[in-house]
Amino acid sequence: MSDVSSASSAASHRLMQKGWATQLFAAELPQASAQLRAEMERALDAPMSAFERFRLTEVCRVLVMGLHNRWSRLSYNEELAFSEDVGLWQVLWSHYSLSLRTLLDGDPELTPHKAFFMQQSLFIGKQLRLIHALAHKPFPEKLWKEIHAYYRFSELMQCALENVTDKLLTSENRVSCYSTYIHTLLIDLANLSVLSPQQILWMNRWLPRLARKAQPVDTSVPQIGLFLETHLDSSQGGTLRARVKPSSDPSLRVADLDEIAKTLRRRRRHLITGETPARIKLGEDINSDQAATLLAHLEAAWCPPDLSHAPDAPQFDDWEA
(Lines give C-alpha, C1' and ligand atoms only; values in the text may rest on other atoms or scores of the structure.)
Protein backbone atom coordinates (compact mmCIF):
# COMPACT_ATOMS: atom_id res chain seq x y z
CA MET A 1 0.00 0.00 0.00
CA SER A 2 1.29 3.46 -0.88
CA ASP A 3 2.11 6.07 1.73
CA VAL A 4 -0.84 8.13 0.53
CA SER A 5 -3.25 5.20 0.93
CA SER A 6 -1.83 4.41 4.36
CA ALA A 7 -2.27 8.00 5.46
CA SER A 8 -5.84 8.06 4.12
CA SER A 9 -6.73 4.82 5.91
CA ALA A 10 -5.33 6.20 9.15
CA ALA A 11 -7.35 9.38 8.68
CA SER A 12 -10.60 7.47 8.16
CA HIS A 13 -9.82 5.36 11.22
CA ARG A 14 -9.32 8.48 13.36
CA LEU A 15 -12.68 9.80 12.21
CA MET A 16 -14.32 6.66 13.57
CA GLN A 17 -12.72 6.93 17.02
CA LYS A 18 -14.79 8.43 19.84
CA GLY A 19 -11.64 9.64 21.56
CA TRP A 20 -10.63 11.65 18.52
CA ALA A 21 -14.11 13.19 18.31
CA THR A 22 -13.90 14.21 21.98
CA GLN A 23 -10.60 15.96 21.32
CA LEU A 24 -12.07 17.61 18.25
CA PHE A 25 -14.97 19.21 20.12
CA ALA A 26 -12.66 20.33 22.92
CA ALA A 27 -10.56 22.36 20.46
CA GLU A 28 -11.19 25.99 19.54
CA LEU A 29 -13.80 26.23 16.77
CA PRO A 30 -11.61 27.39 13.84
CA GLN A 31 -8.97 24.77 14.70
CA ALA A 32 -11.55 22.00 15.12
CA SER A 33 -13.21 22.90 11.82
CA ALA A 34 -9.89 22.86 9.95
CA GLN A 35 -8.92 19.53 11.51
CA LEU A 36 -12.19 17.84 10.61
CA ARG A 37 -12.16 19.16 7.08
CA ALA A 38 -8.57 17.97 6.57
CA GLU A 39 -9.36 14.49 7.90
CA MET A 40 -12.43 14.17 5.69
CA GLU A 41 -10.47 15.30 2.63
CA ARG A 42 -7.77 12.70 3.34
CA ALA A 43 -10.43 10.04 3.82
CA LEU A 44 -11.73 10.69 0.29
CA ASP A 45 -8.69 8.74 -0.98
CA ALA A 46 -8.99 5.91 1.54
CA PRO A 47 -9.53 2.46 -0.03
CA MET A 48 -12.79 1.13 1.38
CA SER A 49 -16.01 -0.47 0.23
CA ALA A 50 -19.09 1.63 -0.48
CA PHE A 51 -20.71 0.33 2.72
CA GLU A 52 -17.64 1.16 4.80
CA ARG A 53 -17.69 4.67 3.36
CA PHE A 54 -21.41 4.89 4.13
CA ARG A 55 -20.69 4.11 7.79
CA LEU A 56 -17.86 6.64 7.78
CA THR A 57 -20.00 9.38 6.25
CA GLU A 58 -22.67 8.99 8.94
CA VAL A 59 -20.02 9.50 11.63
CA CYS A 60 -18.69 12.50 9.72
CA ARG A 61 -22.21 13.89 9.35
CA VAL A 62 -22.65 13.83 13.13
CA LEU A 63 -19.28 15.58 13.59
CA VAL A 64 -20.04 18.19 10.93
CA MET A 65 -23.45 18.86 12.50
CA GLY A 66 -21.79 19.37 15.88
CA LEU A 67 -19.48 22.02 14.45
CA HIS A 68 -22.32 23.52 12.42
CA ASN A 69 -24.27 24.09 15.64
CA ARG A 70 -21.27 26.00 16.98
CA TRP A 71 -20.72 28.01 13.81
CA SER A 72 -24.43 28.91 13.59
CA ARG A 73 -24.26 30.59 17.00
CA LEU A 74 -21.82 33.06 15.48
CA SER A 75 -22.60 35.65 12.85
CA TYR A 76 -22.55 34.28 9.30
CA ASN A 77 -21.81 37.84 8.25
CA GLU A 78 -18.26 36.95 9.19
CA GLU A 79 -16.88 35.24 6.10
CA LEU A 80 -14.85 32.72 8.10
CA ALA A 81 -17.94 31.23 9.77
CA PHE A 82 -19.84 30.99 6.50
CA SER A 83 -17.00 29.59 4.39
CA GLU A 84 -15.87 27.06 7.00
CA ASP A 85 -19.37 25.71 7.62
CA VAL A 86 -20.15 25.47 3.89
CA GLY A 87 -16.78 23.85 3.25
CA LEU A 88 -17.41 21.09 5.80
CA TRP A 89 -20.76 20.14 4.29
CA GLN A 90 -19.40 20.20 0.75
CA VAL A 91 -16.53 17.84 1.61
CA LEU A 92 -19.04 15.56 3.32
CA TRP A 93 -21.21 15.60 0.17
CA SER A 94 -18.17 14.43 -1.81
CA HIS A 95 -18.12 11.23 0.26
CA TYR A 96 -21.72 10.49 -0.66
CA SER A 97 -20.94 11.14 -4.32
CA LEU A 98 -18.17 8.53 -4.20
CA SER A 99 -20.63 5.87 -3.06
CA LEU A 100 -23.55 6.93 -5.25
CA ARG A 101 -22.44 5.10 -8.41
CA THR A 102 -21.95 1.89 -6.44
CA LEU A 103 -25.43 2.26 -4.97
CA LEU A 104 -26.96 2.89 -8.40
CA ASP A 105 -25.22 -0.25 -9.67
CA GLY A 106 -26.98 -2.30 -7.00
CA ASP A 107 -24.28 -2.93 -4.39
CA PRO A 108 -25.74 -5.72 -2.19
CA GLU A 109 -24.41 -4.24 1.07
CA LEU A 110 -25.49 -0.68 0.40
CA THR A 111 -28.85 -1.29 -1.33
CA PRO A 112 -30.76 -2.14 1.89
CA HIS A 113 -29.80 1.32 3.17
CA LYS A 114 -30.66 3.23 -0.02
CA ALA A 115 -33.49 5.32 1.49
CA PHE A 116 -31.34 6.43 4.41
CA PHE A 117 -28.34 7.08 2.14
CA MET A 118 -30.36 9.29 -0.21
CA GLN A 119 -32.12 11.11 2.64
CA GLN A 120 -28.73 11.87 4.21
CA SER A 121 -27.48 13.21 0.88
CA LEU A 122 -30.51 15.47 0.53
CA PHE A 123 -30.12 16.55 4.15
CA ILE A 124 -26.71 17.96 3.24
CA GLY A 125 -28.26 19.94 0.39
CA LYS A 126 -30.85 21.25 2.84
CA GLN A 127 -28.13 22.26 5.28
CA LEU A 128 -26.28 24.18 2.57
CA ARG A 129 -29.49 26.03 1.66
CA LEU A 130 -30.04 26.82 5.35
CA ILE A 131 -26.52 28.20 5.82
CA HIS A 132 -26.90 30.46 2.78
CA ALA A 133 -30.24 31.61 4.21
CA LEU A 134 -28.69 32.44 7.58
CA ALA A 135 -25.99 34.44 5.82
CA HIS A 136 -28.53 36.07 3.46
CA LYS A 137 -26.40 34.95 0.53
CA PRO A 138 -27.71 33.79 -2.88
CA PHE A 139 -27.78 30.03 -3.32
CA PRO A 140 -25.49 28.82 -6.16
CA GLU A 141 -27.19 27.29 -9.18
CA LYS A 142 -24.79 24.32 -9.16
CA LEU A 143 -25.99 23.36 -5.68
CA TRP A 144 -29.63 23.40 -6.81
CA LYS A 145 -28.65 21.05 -9.64
CA GLU A 146 -27.05 18.71 -7.10
CA ILE A 147 -30.16 18.71 -4.92
CA HIS A 148 -32.49 18.05 -7.86
CA ALA A 149 -30.18 15.26 -9.08
CA TYR A 150 -30.13 13.49 -5.72
CA TYR A 151 -33.90 13.65 -5.51
CA ARG A 152 -34.20 12.23 -9.03
CA PHE A 153 -31.91 9.36 -8.02
CA SER A 154 -34.11 8.65 -4.99
CA GLU A 155 -37.06 8.29 -7.35
CA LEU A 156 -35.09 6.03 -9.68
CA MET A 157 -34.29 3.78 -6.73
CA GLN A 158 -37.95 3.85 -5.65
CA CYS A 159 -37.19 5.10 -2.16
CA ALA A 160 -38.27 8.76 -2.37
CA LEU A 161 -41.32 8.26 -0.13
CA GLU A 162 -39.83 5.70 2.25
CA ASN A 163 -39.72 6.95 5.83
CA VAL A 164 -36.43 6.80 7.73
CA THR A 165 -35.29 7.90 11.17
CA ASP A 166 -32.73 10.69 11.09
CA LYS A 167 -31.16 11.09 14.52
CA LEU A 168 -29.83 14.55 13.66
CA LEU A 169 -33.40 15.89 13.66
CA THR A 170 -34.29 16.44 17.28
CA SER A 171 -37.83 17.70 16.71
CA GLU A 172 -39.06 15.10 14.23
CA ASN A 173 -37.34 11.85 13.36
CA ARG A 174 -39.65 10.42 10.70
CA VAL A 175 -38.58 11.90 7.38
CA SER A 176 -38.11 10.81 3.77
CA CYS A 177 -36.20 11.91 0.70
CA TYR A 178 -39.37 13.61 -0.48
CA SER A 179 -40.02 15.52 2.75
CA THR A 180 -36.37 16.60 2.97
CA TYR A 181 -36.55 17.83 -0.63
CA ILE A 182 -39.76 19.79 0.09
CA HIS A 183 -38.11 21.15 3.27
CA THR A 184 -35.30 22.61 1.15
CA LEU A 185 -37.67 24.11 -1.42
CA LEU A 186 -39.77 25.77 1.29
CA ILE A 187 -36.73 27.35 2.92
CA ASP A 188 -36.02 28.95 -0.44
CA LEU A 189 -39.58 30.29 -0.77
CA ALA A 190 -39.80 31.78 2.73
CA ASN A 191 -39.01 35.41 1.77
CA LEU A 192 -35.80 35.13 3.74
CA SER A 193 -34.62 38.70 3.31
CA VAL A 194 -36.93 39.96 6.08
CA LEU A 195 -36.29 37.12 8.54
CA SER A 196 -33.72 37.24 11.31
CA PRO A 197 -31.29 34.31 11.77
CA GLN A 198 -33.28 33.19 14.82
CA GLN A 199 -36.53 33.20 12.85
CA ILE A 200 -34.88 31.14 10.11
CA LEU A 201 -33.68 28.61 12.70
CA TRP A 202 -37.19 28.34 14.19
CA MET A 203 -38.64 27.83 10.71
CA ASN A 204 -36.06 25.16 9.95
CA ARG A 205 -36.98 23.37 13.19
CA TRP A 206 -40.68 23.33 12.26
CA LEU A 207 -40.15 22.25 8.66
CA PRO A 208 -39.47 18.49 9.11
CA ARG A 209 -43.01 18.05 10.42
CA LEU A 210 -44.57 20.58 8.03
CA ALA A 211 -42.85 19.21 4.92
CA ARG A 212 -44.30 15.75 5.61
CA LYS A 213 -47.74 17.21 4.95
CA ALA A 214 -46.96 18.05 1.32
CA GLN A 215 -48.24 15.41 -1.10
CA PRO A 216 -47.07 14.57 -4.65
CA VAL A 217 -49.52 15.59 -7.35
CA ASP A 218 -50.41 13.68 -10.50
CA THR A 219 -49.46 16.15 -13.25
CA SER A 220 -51.57 14.32 -15.85
CA VAL A 221 -54.78 15.57 -14.19
CA PRO A 222 -55.79 19.28 -14.22
CA GLN A 223 -56.25 20.65 -10.70
CA ILE A 224 -56.81 23.96 -8.93
CA GLY A 225 -55.45 24.71 -5.47
CA LEU A 226 -52.14 25.54 -3.85
CA PHE A 227 -49.11 23.87 -5.40
CA LEU A 228 -45.33 23.91 -5.36
CA GLU A 229 -43.79 23.23 -8.74
CA THR A 230 -40.21 22.29 -9.46
CA HIS A 231 -38.21 20.97 -12.40
CA LEU A 232 -35.49 18.40 -11.78
CA ASP A 233 -33.38 19.78 -14.62
CA SER A 234 -33.56 23.32 -13.22
CA SER A 235 -30.82 25.41 -11.62
CA GLN A 236 -33.36 27.10 -9.32
CA GLY A 237 -35.70 26.03 -6.53
CA GLY A 238 -39.50 25.82 -6.73
CA THR A 239 -42.37 28.09 -7.77
CA LEU A 240 -45.85 28.52 -6.29
CA ARG A 241 -48.71 27.68 -8.63
CA ALA A 242 -52.48 28.00 -8.45
CA ARG A 243 -53.28 25.21 -10.87
CA VAL A 244 -51.87 22.10 -12.48
CA LYS A 245 -52.24 21.66 -16.20
CA PRO A 246 -51.52 18.28 -17.81
CA SER A 247 -47.88 18.08 -18.80
CA SER A 248 -45.62 15.48 -20.40
CA ASP A 249 -42.45 17.13 -19.05
CA PRO A 250 -40.52 14.26 -17.36
CA SER A 251 -38.66 16.70 -15.10
CA LEU A 252 -41.80 18.36 -13.69
CA ARG A 253 -42.74 17.65 -10.08
CA VAL A 254 -45.68 19.23 -8.25
CA ALA A 255 -46.55 19.10 -4.54
CA ASP A 256 -49.89 19.98 -2.93
CA LEU A 257 -49.38 22.52 -0.12
CA ASP A 258 -52.99 22.60 1.08
CA GLU A 259 -52.32 20.63 4.28
CA ILE A 260 -49.37 22.87 5.12
CA ALA A 261 -51.60 25.93 4.75
CA LYS A 262 -54.22 24.38 7.03
CA THR A 263 -51.60 23.52 9.64
CA LEU A 264 -50.17 27.06 9.71
CA ARG A 265 -53.64 28.53 10.16
CA ARG A 266 -54.55 26.00 12.83
CA ARG A 267 -51.39 26.80 14.80
CA ARG A 268 -52.21 30.52 14.64
CA ARG A 269 -55.74 29.88 15.92
CA HIS A 270 -54.36 27.84 18.81
CA LEU A 271 -52.09 30.73 19.80
CA ILE A 272 -54.99 33.19 19.65
CA THR A 273 -57.02 30.99 22.00
CA GLY A 274 -54.20 30.93 24.55
CA GLU A 275 -52.22 27.79 23.78
CA THR A 276 -48.49 28.11 24.40
CA PRO A 277 -45.99 27.49 21.58
CA ALA A 278 -44.59 24.51 23.49
CA ARG A 279 -48.05 22.87 23.69
CA ILE A 280 -48.45 23.03 19.91
CA LYS A 281 -44.94 21.76 19.23
CA LEU A 282 -43.35 25.05 18.21
CA GLY A 283 -40.70 24.95 20.92
CA GLU A 284 -40.03 26.31 24.39
CA ASP A 285 -37.58 29.02 23.29
CA ILE A 286 -40.17 31.11 21.44
CA ASN A 287 -43.02 33.16 22.90
CA SER A 288 -46.55 33.43 21.55
CA ASP A 289 -46.06 36.79 19.84
CA GLN A 290 -42.87 35.62 18.12
CA ALA A 291 -44.52 32.39 17.00
CA ALA A 292 -47.63 34.16 15.70
CA THR A 293 -45.53 36.67 13.75
CA LEU A 294 -43.43 33.96 12.12
CA LEU A 295 -46.43 31.75 11.32
CA ALA A 296 -48.16 34.71 9.67
CA HIS A 297 -45.05 35.43 7.63
CA LEU A 298 -44.73 31.81 6.46
CA GLU A 299 -48.40 31.63 5.56
CA ALA A 300 -48.02 34.76 3.44
CA ALA A 301 -44.86 33.40 1.79
CA TRP A 302 -46.03 29.83 1.13
CA CYS A 303 -49.80 30.26 0.91
CA PRO A 304 -50.47 33.75 -0.46
CA PRO A 305 -54.19 34.61 -0.54
CA ASP A 306 -54.04 35.82 -4.15
CA LEU A 307 -52.73 32.42 -5.16
CA SER A 308 -55.17 30.27 -3.20
CA HIS A 309 -58.33 32.28 -3.90
CA ALA A 310 -57.70 33.55 -7.43
CA PRO A 311 -56.24 30.57 -9.29
CA ASP A 312 -56.13 32.40 -12.61
CA ALA A 313 -54.25 35.42 -11.24
CA PRO A 314 -51.57 36.14 -13.87
CA GLN A 315 -48.92 37.16 -11.33
CA PHE A 316 -48.95 33.62 -9.93
CA ASP A 317 -49.74 31.54 -12.99
CA ASP A 318 -47.73 31.91 -16.19
CA TRP A 319 -48.49 28.51 -17.70
CA GLU A 320 -49.49 30.23 -20.90
CA ALA A 321 -46.34 32.36 -21.11
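A short tour of the structure in this document, coming up.

Calculation criteria
- Residues numbered from 1 in each chain as written.
- Predicted model: local features only at pLDDT ≥ 70, side-chain atom pairs only at ≥ 80, totals over all residues.
- Heavy atoms only, no water.
- Phe/Tyr/Trp six-rings, centres within 6.5 Å; stacked < 30°, edge-to-face > 60°.
- Helix = DSSP H or I, 4+ residues; strand = E, 2+ residues; numbered from the N terminus.
- Buried < 20%, exposed > 50% of the residue type's maximum accessible area, 1.4 Å probe, protein only.
- 1 Å grid on protein atoms, 1.4 Å probe; cavity = no way out; pocket = protein on both sides within 12 Å on 5 of 7 lines; lining within 4 Å.
- Points joined across faces, edges and corners; volume = space filled by probe spheres on them.
- Nonpolar A, V, L, I, M, F, W, Y, C, P; charged D, E, K, R; others polar.

### Observations regarding the packing of aromatic side chains
Here is step 1 of the chain: As enumerated under the stated definition, the model contains nine aromatic pairs in all.
Here is step 2 of the chain: Both rings, one in Phe51 and one in Phe54, keep their centres 6.1 Å apart while their planes meet at 40°; by these two values the pair is tilted. With a gap of three residues between them, Phe51 and Phe54 both fall in helix 4 (residues 50-71), about one helical turn apart.
Here is step 3 of the chain: Accessibility expressed as a relative area gives 22% for Phe51, which makes it partly exposed.
Here is step 4 of the chain: We classify Phe54 as buried; its relative accessible area is 7%.
Here is step 5 of the chain: With a centroid separation of 6.2 Å and 90° between ring planes, the pair formed by Phe54 and Phe116 is classed as edge-to-face.

### Here's the deal with empty space enclosed by the protein
Here is step 1 of the chain: Enumeration according to the criterion identifies two cavities of 30 Å³ or more in this entry.
Here is step 2 of the chain: Taken as a whole, the largest cavity spans an internal volume of roughly 100 Å³.
Here is step 3 of the chain: Along the walls of the largest cavity sit Trp206, Arg209, Leu210, Lys213, Thr263, Leu264, Arg267, Ile280, Lys281, Leu282 and Leu295, which together make up its complete lining.
Here is step 4 of the chain: Broken down by class, the residue content of the lining of the largest cavity amounts to six nonpolar, one polar and four charged.

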